[in-house]
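Architecture and fold: a report
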Amino acid sequence: MKKLLSPLLITLVLMGCNKEPLTALNKSLVGVTDYGTVDARFCTQAPTPAKQNLKYLFIIDHSASNQPGFPSFAGDISNTDSQGSRRYGPLLNFLKNLVPDPNNLTSFAIIDFNDKATQPGTVSGFDSDTNNFINTTTTDWIGGGTAAVPAPFDAGFTNYQAALQMALTMIRKDAQNESAIQTPPIVTTAYQIIFVTDGVPTVASPSGSSNPTYTQTFQADLQPVIDSIMNIKSDLTLGAFIANITLNTAYYFNDVEVTSAESLLQQMAIEGNGQYLQFGSGKNILYQQFAPPSRNIRNRLVDAFVENENAVWWDDGRLMLDSDGDGLPDLIEQQFGSDPYNKDSDGNGVSDLVEYRTKGKPCNDAQCAAAGRDLYAICDGFSPVKDANGNVTFSSSTNDGLNDCEKFLLNASRTVFNTNGDMIPDFLALKTTLPVIIGSASAALADPFGDGITNYSKLKLGMPIQISNRTLSPDFQARATSLDLESSPSADVDCYHMVVENVALTSYSNTIKVMVIQNSSAVDDKPFLQVAERPFSGGQTSVSFLPGDFK
Amino acid sequence: MRKIIALTTLVLFIGCSQVEPLKPLDTNSLAIPPQTMSVIIKGYRPQAGKVFQNLFVSNFSVKVAQGALSLSTSRDGMSDTFKTSLTSDYGFNINSPESVVPGFADLLLFNIGVTTPAQSLMYCGSNQMLSSSNDVLIYNDSRLGGTQEFLGLRDCEKVYMGLNPNLFNFAGDGIPDYLKLRCGLNPLNKNDAYLSTAGDGIANIDKCKRNIPIDENGYTEANQLFAYQYNIQANPDGTTDFVVNNIPILNGGDQNFLAFYVTETDLSNKPAAIYTAFSVIKNGYANKTLQFDYWAKDPSNSTNQEILAP
């Protein structure tokens, strides 16, 4: 009745006034019955201490050049560290002076290397008990105070490759352990390798070689191992448990620097995303210079989206009512026989829109009967829960509106709200016909109709993405957004007042969802989403959100 | 309620007169036009095999926030009042961009939340104090008795941030890493430059170029008054002149620090080269133009060039 009446009224009015353009009629064709204002206040999340495991891996040179009378190059008469006091003294100091670690987030491991690499002590892998590790280090140095001849027992060649190879094995094994024992929320680990040496990697040649010794080169012998270490972070399973891996190198010498050692260690540090430091003239190695300081994660506003959950721009350029907010309009649901008041008509845990988009219909069964539904056996691993009526639900690891099974079916990430990085939450992208899969971020900035408005801008302006702006009714009012910075409780928090006018409304229900996206300002790049929902209740022309609404 | 609106519309239509609704009062509507200057860079030509990507001109002495200009004595992207408010937690001082930890910019320490107790652990190795990617400005600050100051990201800072010290634009999005940090964007993120965080339809990169905040409406009267205007003029000899108007200055321009960055891509549209220059201008530049020849005509001498302001 209302639909009939309003065009009629406007037509009558227009007849009496020929100055007014006729375009007003189109308004009803677009499907927009009214416009409302969304007024939202929100703040960025206060900085949180960066919580992560920190694992130190000390790799210590035990080659003969530490010993008296062993020239590390022609003409050298001095030894670099016969007592181990340059290597072990400051290491013990460093360990004893570390800030208290009540949450037990820091662990340690040590590798000694000469011809080959070995891990001293009783613990294999990383040791989370600082005192135990101090004992290990002390024993490695002076034999626990009981040995007749103080260690370190320095002898043999300088096999960098073996040491790095062992580091690779240890870190990979440790990350595997973490992935096996951790449950969400995951605490990531930063691996801090500190590689300490006094010279170039000279090793004995393989038997049969004319030259008795061979010096390992960066490109042939070391770079591949370092790359393997760094690549653990790219591992599909282990990567999620690793914050970063850094290989730091320290070169200690007495009077003469060996430039080839220096440049090699520099190259290693660059490849390993770490620092190179040198400690000449008998100086002690200062391990604290490699220690990453504790920091806070400061968050910044990246984007904010406003969406009417009960309105869908359909492919023909009409705004349609979507009573259940599943993204599939009532009219389309009626055509397919699904329930416009139930997001998941057949109760199989996968919403009507996701089924429609992945296989062309919201249910397997023509009447959307539960008996004929597709139970998606492929999602059995995501722990489906069956209620008393036999309806299946899946849990969601993200808050963008898609559950884990839906994400899997869409080839989207189950752990991030925005798989392709374009900052448009996956469910919103799916609803507005934008792609979600990895590598598709540029689609948001494309302008497929050449109308000068990118898909992203159309989304922000509240316009349909499926049609050209030229075919949209000129009567349609695009949204106008205004964002202002307001006074904030502290310098680390930014508070905003956002007003979005001309949010298109449908004739019945209108629930507004505001999605605020923040990201850390530097070092990390992990955007996160906060969501608030509020309905327009009858007759209201605006709906307001306060900071506490955002979850 | 809706019926009432419909009725009102009806009345309006009958009267055949449309009343423009009153716009809400803008908190910035009393903005005072700032003193501004212009810059003309004459005779730009991209290096062989490269394509012009972006020009950034920025008065580092002026910070725009919440509809007002404020002075940044340290020229590091934080206003004096803001830095002073951080002094108790971070120990900052307004005179230097690296006032607490040698080699680490105050701006970075604030963004990564390294407060005074943790600062002693920040260490920049002597071999990482410089910038391998050439996107930095180093100058002697006459105000501080000629101390050397550094505006940019040193290699150790880039390493700390997870960036590549050999690249000036890690994300490949057209904004050098240091300017991303200054503009409130994440240098690791590939997509935030082309979003419109404020929802006003102006891409963040365009606000960054115009030196107005990315997280505030760009159409307020104040931000319209403060936004730089970039123009390009083609010359008959195939070179280009860049004309940048409406650059707000403070103190009549006295000790205002203008920074210039030109970036070029290779033919596959990857960031390939950056050319940097700066000029410390004097009092009396209001409504004046600083005109100079493009500084990087000689590619071997194209970064950190000082333009002497007459």
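Remember, it's a predicted structure, so these values are computed and weren't measured experimentally. Per chain, residues are indexed from 1 in the order of the written sequence. Ligands are numbered from 1 and chains lettered from A, in the order in which they are written. Selection of residues for local features in this predicted model requires a pLDDT of at least 70, selection of side-chain atom pairs for listing and counting requires 80 or more, and totals for whole chains, interfaces and linings are taken over all residues.

This paragraph deals with the overall build of chain B. A helix here means a DSSP run of H or I that spans at least four residues, while a strand means a run of E at least two residues long, and both kinds are numbered starting from the N terminus. Regarding its fold elements, chain B presents eight helices and twelve strands. Counting only C-alpha atoms and orienting by the principal axes, one finds that chain B spans roughly 80 × 60 × 45 Å. Exposure is read from a count of other C-beta atoms within 10 Å of each residue's own; the residue is exposed at 12 or fewer, buried at 20 or more and partly exposed in between. C-beta atoms are placed from the backbone. Burial statistics for chain B: of 310 residues in total, 46% are counted as buried.

On to the overall build of chain A, then. A count of helical and extended segments in chain A gives twelve helices and 21 strands. In this setup the radius of gyration rests on C-alpha atoms only. A globule is expected at 2.2 Å times the number of residues raised to 0.38. In terms of overall dimensions, chain A is more spread out than a globule: its C-alpha atoms have a radius of gyration of 32 Å, far above the 24 Å expected for 551 residues. Each principal axis of the C-alpha distribution contributes one length, and for chain A these read about 110 × 55 × 50 Å. A separation of at least 24 residues holds for 62% of the contacts in chain A among residues at least 6 apart in sequence. Throughout, a pair of residues is in contact if the C-beta atoms placed from their backbones lie within 7 Å.

Time to look at helix α9 (residues 352-359) of chain A. All names here are of chain A. Among the residues making up α9, those that are buried are D352, L353, V354 and E355. In this structure, the buried residues of α9 make contact with α8 (330-336), α10 (404-409) and α11 (426-431). Where α9 ends, the next residue or the one after it, G360, has phi of about 90°, a positive value.

All names here are of chain A. Pairing between two strands requires that DSSP report at least two bridges joining them. Reading across the sheet, the six strands line up as β5-β4-β3-β6-β9-β10 and stay open at both edges, with mixed pairing between neighbours. Two strands close off the open sheet at either side, each with one partner strand: β5 (117-118) and β10 (276-279). Relative to strand β6 (residues 189-197), strand β3 (residues 53-61) runs parallel, the two being bridged by eight bridges. Among the inter-strand pairings, I59 is bridged to a residue of β6, identified as F195.

The next subject is the interface of chain B and chain A. By a widely used convention, the size of an interface equals the accessible area lost when the partners come together. Of the residues lining the interface, 48 residues belong to chain B; the matching set on chain A comes to 50 residues. Put simply, the parts of the chain that give the side of chain B that touches chain A at least two residues each are α1 (2-15), α2 (80-90), α3 (106-112) and α5 (155-161) of chain B. Per-element accounting of the side of chain B that touches chain A gives the leading share, four residues, to α1 of chain B. Considered class by class, the residues forming the side of chain B that touches chain A number 24 nonpolar, 18 polar and six charged. Note on residue categories: nonpolar means Ala, Val, Leu, Ile, Met, Phe, Trp, Tyr, Cys or Pro, charged means Asp, Glu, Lys or Arg, and polar means any other residue, Gly included.

We now examine unusual backbone geometry. With a phi close to 60°, C368 of chain A is a non-glycine residue in the positive phi region. Overall, C368 of chain A belongs to the buried group, with 24 C-beta atoms counted inside 10 Å. Here Q255 of chain B, not a glycine, exhibits a phi torsion of approximately 60°, which is positive. A count of 17 C-beta atoms within 10 Å places Q255 of chain B in the partly exposed class.

Okay, the environment of N186 of chain B next. Here N186 of chain B lies in the loop between α6 (177-183) and α7 (204-210). Given 25 C-beta atoms within a 10 Å radius, N186 of chain B is considered buried. Measuring from C-alpha to C-alpha, the distance between N186 of chain B and A171 of chain B comes to 9.2 Å, with 15 residues separating the pair along the chain. When sequence neighbours within four positions are dropped, the list of residues in contact with N186 of chain B reads N519, S520, S521, A522 and D525 of chain A together with K180 and D192 of chain B.

Before going further, it helps to examine the confidence of the model for chain A. Residues and elements named next belong to chain A. Known as pLDDT, the predictor's confidence for each residue is given on a scale from 0 to 100. Per-residue pLDDT for chain A has a mean of 85; in total, 91% of the residues score no lower than 70. Taking the mean pLDDT of every element in chain A, the minimum, 46, falls on helix α1 (residues 2-15) and the maximum, 96, on α11. In this model, residues 1-5 is a region of pLDDT below 50 whose contacts with residues beyond four sequence positions or in other chains number two contacts. The low-confidence segment residues 20-28 (pLDDT under 50) makes 19 contacts with residues lying over four places distant or belonging to another chain.

Looking now at the sheet that holds strand β12 (residues 299-308) of chain A. Residue and element names in this part refer to chain A. Pairing in this open sheet of three strands is antiparallel, and the strands run β12-β19-β20 from one edge to the other. The sheet terminates laterally at β12 and β20 (528-535), the two strands that pair on one side only. Averaged over all pairs of adjacent strands, the angle between strand axes in this sheet comes to 20°, irrespective of strand direction. Summarising the sheet, strand β19 (residues 511-520) and β20 pair through eight bridges and their orientation is antiparallel. The angle between two axes is taken between their N-to-C directions and runs from 0 to 180 degrees, where each axis is a line fitted to C-alpha atoms and a helix contributes only its stretch in contact.

Residues and elements named next belong to chain B. In this fold, Q233 is placed in strand β7 (residues 229-234). Q233 gets classed as exposed once you count the C-beta atoms within 10 Å, which come to 11. Separated by 191 residues in sequence, Q233 and K42 place their C-alpha atoms 9.3 Å apart.

This part covers the confidence of the model for chain B. Residues and elements named next belong to chain B. For chain B, mean pLDDT is 88; residues scoring 70 or higher make up 90% of the total. Taken together, the stretch residues 1-19 has pLDDT below 50 and engages in 13 contacts with residues farther than four places along the chain or on a different chain. In the predicted assembly, ipTM is 0.85 and pTM is 0.77.

What follows is about the pairing of β7 of chain B. When you tally the buried positions in β7 of chain B, you get zero out of six residues, a small fraction of the element. The turn joining β7 of chain B and strand β8 (residues 240-249) of chain B, which pair antiparallel and follow one another in sequence, is formed by five residues; a positive phi near 90° is taken by G238 of chain B.

Glancing now at the environment of L153 of chain B. Residue and element names in this part refer to chain B. Structurally, L153 can be placed in the loop between β6 (147-151) and α5. On the basis of neighbour count, L153 is assigned to the buried category, with 29 C-beta atoms found within 10 Å. Taking C-alpha positions, L153 is 7.7 Å from A105, a pair spaced 48 residues apart along the chain. Not counting chain neighbours up to four residues away, the residues in contact with L153 comprise S131, V136, K158, D177 and Y178.

What follows concerns the pairing of β12 of chain A. Residue and element names in this part refer to chain A. Taking burial as the measure, the ten residues of β12 include ten buried ones, the bulk of the element. In terms of strand pairing, β12 meets β19 through nine bridges, oriented antiparallel. Its bridge partner lying in β19, E307 is registered against K513.

Now for the packing of helix α5 (residues 160-181) of chain A against helix α6 (residues 218-231) of chain A. Residues and elements named next belong to chain A. Two numbers describe how α5 lies on α6: the axes approach to 9 Å, and their chain directions differ by 10°. It follows from the interaxial angle that α5 and α6 lie roughly parallel. Crossing hand, α5 versus α6: left-handed. Seen from α5, the contacting residues are Y160, Q161, L164, Q165, A167, L168 and I171; seen from α6, they are D221, L222, V225, I226, S228 and I229. Split by residue class, the contact of α5 with α6 holds nine nonpolar, three polar and one charged. With respect to orientation, any angle under 35 degrees is reported as roughly parallel, any angle over 145 as roughly antiparallel, any angle of 65 to 115 as roughly perpendicular, and every other angle as oblique. Each crossing gets its handedness from the near helix: less than a right angle anticlockwise from the far helix is left-handed, clockwise is right-handed.

Moving on, we get to the packing of helix α3 (residues 88-96) of chain A against helix α4 (residues 130-142) of chain A. Residue and element names in this part refer to chain A. Two elements in contact, α3 and α4, have axes whose closest approach is 10 Å; the angle formed by their N-to-C orientations is 170°. When the interaxial angle is binned, α3 and α4 end up roughly antiparallel. Where α3 abuts α4, its residues Y88, L91, L92, L95 and K96 lie against T130, F133, I134, T137, T138 and W141. Class assignment for the residues of the contact of α3 with α4 results in seven nonpolar, three polar and one charged.

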